[in-house]
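# Chain and residue survey
Below are the chains, spelled out letter by letter.
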Amino acid sequence: MTVTGQMLIGQQAGLGTHGHIHGLNAATGEVLQPAFGGAAPADLERACALAQAAFEPYRLLPLERRAAFLESIASQILELGDELIERCLLETGLPRARLEGERGRTVGQLRLFAAVVRKGGFLGVRIDPAQPGRQPLPRVDLRLRQMGLGPVAVFGASNFPLAFSVAGGDTASALAAGCPVIVKAHSAHPGTSELVAQAIARAARQQGMPEGVFSLLFDSGRDIGQGLVADSRIKAVGFTGSRSGGMALMQIAAARAEPIPVYAEMSSINPVLLLPHALEERGEQIAPAFVASLTQGAGQFCTNPGLILAVDGPALQRFERAAAEALGHVAAQTMLTPGIYRSYCQGVASLAAHARVQLLAQGPEGQGQQARGALFATSAATFMACPELRGEIFGPASLIVRCADLTVLQQVLRSLEGQLTIAIHLGEGDQPQVRALLPLLESKAGRLLANGFGTGVEVAHAMVHGGPFPATSDSRSTSVGSLAIQRFLRPVSYQDLPESLLPAELHSANPLQVPQLLDGQGPG
């Protein structure tokens, strides 16, 4: 395939006429060709109209057709071959191995949701048969299933150009739920976005999907993205990005005549707890693993370990020295965009200039927009007193908070906002303290992990990639794993309808063989 600079509205490719954007070579800053035309209001109108028209026929397709569409998208992405990887390399500066792994994750997500659709458990079927002889009152016949919300707007993320972008988890889960998708491409990787969109469009043609089941729009400013969220035909939003960006979309969605949910992943510093026995027994072994997690992918992960909490003393000092030593050997890495690089440098400079923060180590200097790792330390009292120390620095920087004892460490934990992850490094002797902390930890994060780091999010049935605000806008949801489909569904209950009028999954004979919760019994 060839990158043309065209957006896709249903099956129609065309150049936008409302300004333009260019991809940039992340390593050199060179402008990449071609230019990508920004969508005009008329393009947005057509995409939304097509999505609305596609919703009913798409959601009513047999589950097998929907699953086959998701699998076809996966196959079409793989058929892009090296062209996709090479364009993505240019636009992001990410290593080839990382991008090939991310492509595998993207394909795996699509196939996971295809399997979820085929099994039908996501429909949440519940049947409470009528009990006409029940006393003192008879019970009506009640049957429930989940159905798609309607067209979904998805905003591509900068740091995952494949797995959280055009055909990423938000798109896969929305399509699995029976919802057409309109993607607003991220300006950091427009060529990558177009190639993946072409793959989705080919899959839609091959599988005979309604035309408006998918569209891709480029935005030369913010008008199209904002207009997409404001459009009455859009029924939900998936977003991964900055706190300010997510909050802006939430405000637009809340101000609509019909408010809609915005599932926004926004901000997390992902605390790491180094408990006393673990720190004493293996702190010097934990340190290089921490640095590897911190600097992986230039630290451009939403689950990056941006905060270390530990009791001060000789064991923590040994950890700090080992971490500083390891960081000194990690080469600077190219960041995704000039804006991300500038923001990172500003954040590091702000910490370095803070009168009550100590710079422990930095990695070697880089060139261009290459970020060097940075490790800082401060006291618990300073951290508690200075709210400016709590903000996320998107990149390979972390702050160690030295606590006088475990009581102070718990006080610091209580003061934190919601997080995507909290990692606990513990030895056997630390288990009583962890048991006591668990209720607090559960209230602060969507994922708790032991003796590891949050970077590396498994796409699985039991995964939660979400958390209390501001980690995400809705702590009841996840954007990774099969449970992500629930974001784009709503329940419908049918009372006393003749079975001939009911969806097949609600029939007593269960012709689709989907899981059914029958009168409170069964796998529903």
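Residues numbered from 1 in each chain as written. Predicted model: local features only at pLDDT ≥ 70, side-chain atom pairs only at ≥ 80, totals over all residues. Heavy atoms only, no water.

Mapped onto the fold, R487 is located in the loop between β20 (445-450) and β21 (489-495). Considering only alpha carbons, one finds R487 and A450, 37 residues apart in sequence, at a separation of 28 Å. Sequence-distant contacts of R487, defined by excluding residues within four places in its chain, comprise L149, G169, D170, S173, Y263, S477, T478 and S479. For R487, the side chain forms a polar contact with the main-chain oxygen of A484, separated by 3.0 Å. (Helix = DSSP H or I, 4+ residues; strand = E, 2+ residues; numbered from the N terminus. Contact = heavy atoms within 4.5 Å. Polar contact = N/O pair within 3.5 Å; in protein donor to acceptor, adjacent residues only side chain to side chain.)

Right, let's talk about the sheet that holds strand β18 (residues 397-403) for a bit. Taken in spatial order, the seven strands of this open sheet run β15-β17-β18-β13-β12-β19-β20, and their pairing is mixed. The open sheet is flanked by β15 (358-362) and β20, the only strands paired with a single partner. On average, each strand axis in the sheet is tilted by 20° relative to the strand beside it, whichever way the strands run. Two strands pair when backbone bridges link them, and strand β19 (residues 419-425) and β20 are joined in this way by five bridges, in the parallel orientation. When the sheet's bridge partners are listed, I424 is paired in β20 with A450. Across the sheet, helix α11 (residues 338-353) touches β15, β17 (374-379) and β18, and the angle it forms with β17 is around 35°. (Pairing = 2+ DSSP bridges. Axes fitted to C-alpha atoms, helices over the stretch in contact; angles between N-to-C directions.)

Here we come to the domain arrangement of the protein chain. Annotation of the protein chain at the domain level lists domain 1 (7-266) and domain 2 (271-450). Spacing between the C-alpha centres of domain 1 and domain 2 amounts to 34 Å. Contacts between domain 1 and domain 2 engage 15 residues on the former and 14 residues on the latter. The interface formed by domain 1 and domain 2 includes one salt bridge. Its salt-bridge partner being E417, residue R243 comes within 3.1 Å of it at the nearest N-O pair. The tally of links between domain 1 and domain 2 comes to three residue pairs in polar contact (both at pLDDT 80 or more). When its residues are assigned to classes, the side of domain 1 that touches domain 2 shows seven nonpolar, four polar and four charged. (Domains from an automatic or database assignment. Salt bridge = Lys/Arg side-chain N within 4 Å of Asp/Glu carboxyl O. Nonpolar A, V, L, I, M, F, W, Y, C, P; charged D, E, K, R; others polar.)

Since there are 3.6 residues in each turn of an α-helix, residues three or four apart along the chain are aligned in direction. Over its 14 residues, helix α14 (residues 431-444) runs 19 Å from end to end, which matches the ideal 20 Å to within 8%, given 1.5 Å per residue. The largest bend in α14 comes to about 50°, at L438, with the proline P439 one to four residues further on. Among the residues of α14, those classed as buried are V434, L437, L440, L441 and K444. Next to the buried residues of α14 lie β12 (271-274), α13 (406-415), β19 and β20. (Expected span 1.5 Å × (residues − 1). Bend = angle between axes of the 7 residues up to and from the residue. Buried < 20%, exposed > 50% of the residue type's maximum accessible area, 1.4 Å probe, protein only.)

Below, the discussion takes up the side chain of R66. Within the element layout of this structure, R66 appears in helix α2 (residues 63-79). E505 provides the closest opposite charge to the buried, salt-bridge-free R66, at an N-O distance of 7.4 Å. Within the structure, R66 has its side chain in polar contact with the backbone oxygen of A177 (distance 3.5 Å). Contacts of R66, omitting those with residues within four sequence positions, involve Y58, R59, L61, V117, F122, L175, A176, A177 and G178. (Lys, Arg positive; Asp, Glu negative; His and termini not counted.)

Here the focus is the packing of aromatic side chains. To describe a pair of aromatic rings, one takes the distance between the centres and the angle between the planes. Scanning the entire structure with this criterion turns up eight aromatic pairs. Where F160 meets F301, the ring centres are 5.6 Å apart and the plane angle is 70°; that geometry is what we call edge-to-face. Of this pair, F160 sits in the loop between β7 (152-155) and α5 (169-177) while F301 sits in the loop between α9 (276-295) and β13 (307-311); the two residues are 141 residues apart in sequence, bridging distant segments of the chain. Looking at F160, the relative accessible area reads 7%, which means it is buried. Residue classification places F301 among the buried residues on the basis of a relative accessible area of 8%. (Phe/Tyr/Trp six-rings, centres within 6.5 Å; stacked < 30°, edge-to-face > 60°.)

This paragraph deals with unusual backbone geometry. Of note, the amide linkage connecting Q135 to P136 takes the cis form, showing an omega dihedral of 10°. In this structure, A298 takes a positive phi of about 55° despite not being glycine. By the element assignment, A298 lies in the loop between α9 and β13. The class of A298 is buried, set by a relative accessible area of 0%. Despite not being glycine, N510 shows a phi value in the positive range, around 50°.

Feature annotation in UniProt assigns "domain: Aldehyde dehydrogenase" (unreviewed entry) to the following positions: residues 21-406. For residues 21-406, the helix share is 45%, the strand share is 17%, and the end-to-end C-alpha distance is 51 Å. (UniProt positions renumbered as here; feature names shortened; annotations may be inferred.)

This next bit is on the sheet that holds strand β8 (residues 181-184). Spatially, the seven strands line up as an open sheet ordered β2-β1-β9-β8-β7-β10-β11, and their pairing is mixed. The open sheet has two free edges, formed respectively by β2 (12-14) and β11 (262-265), since each of these has just one partner strand. Direction aside, the axes of adjacent strands within the sheet are offset by 20° on average. As defined by bridge partners, strand β10 (residues 236-240) adjoins β11 across four bridges and the pair is classed as parallel.

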